[in-house]
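# Geometric and topological summary
Residues per chain, in single letters:
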Amino acid sequence: MPGLLRGVARTAVVAGTATAVSNRVSRRQAGRWAAQQPEPEPAPPPPPPAAAPASDRSNMLDELKQLGELKEQGVLTQAEFEEQKRRILG
């Protein structure tokens, strides 16, 4: 029986050592690969919005006028009016 325990203990030590070495090698390789990879370039900024055509501007003015009328009639609160105005103006 002592020979069996000695064999099991030896196997456990060998397996533990192999695992520790393997983990260390993996960590070192990951560190090297991370150092070799270039940093990704930042994305270019989005292009500025194009100027609205004249027909869009007249639509915007019409919508703003309607909003003003709704606010005067008491249908919209000041906060709702401001929110819709920001949405229309972009």
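The text that follows walks through the structure, step by step, so that each part is easy to find. Model, not experiment: these values are computed from the prediction.

## Brief notes about the overall build of the chain
Counting secondary structure elements, the chain contains three helices and zero strands. Scanning the chain from its N terminus toward the C terminus, one meets helices and strands in the order α-α-α. By the burial criterion, 4% of the 90 residues in the chain qualify as buried. Summed over its atoms, the accessible surface of the chain is roughly 8100 Å², and 59% of this surface lies on carbon and sulfur atoms.

## Comments concerning the packing of aromatic side chains
Considering all chains together, one arrives at zero aromatic pairs under this definition. Over the face of the ring belonging to F81 we find K71, whose NZ or CZ atom lies 5.8 Å from the ring centre.

## A short note on the pattern of salt bridges
Charged atoms that come close allow side chains of opposite charge to pair. Enumeration according to the criterion identifies one salt bridge in this entry. A salt bridge links E82 to K85; its shortest N-O distance comes to 3.8 Å. Separated by three residues within a single helix, E82 and K85 lie in helix 3 (residues 78-89), roughly one turn from each other. You can call K85 partly exposed: its relative accessible area is 28%.

## Considerations on helix 3
Taking 1.5 Å as the rise per residue, helix 3 with twelve residues should run 16 Å; its terminal C-alpha atoms sit 16 Å apart, in good agreement. Downstream of helix 3 by a residue or two, G90 has a phi angle that is positive, lying close to 85°.

Reading the values: rules and limits
Residues numbered from 1 in each chain as written. Predicted model: local features only at pLDDT ≥ 70, side-chain atom pairs only at ≥ 80, totals over all residues. Heavy atoms only, no water. Helix = DSSP H or I, 4+ residues; strand = E, 2+ residues; numbered from the N terminus. Buried < 20%, exposed > 50% of the residue type's maximum accessible area, 1.4 Å probe, protein only. Areas by Shrake-Rupley, 256 points an atom, 1.4 Å probe, with all protein chains shown as cover. Phe/Tyr/Trp six-rings, centres within 6.5 Å; stacked < 30°, edge-to-face > 60°. Lys NZ or Arg CZ within 6 Å of the ring centre and 35° of its normal. Salt bridge = Lys/Arg side-chain N within 4 Å of Asp/Glu carboxyl O. Expected span 1.5 Å × (residues − 1).

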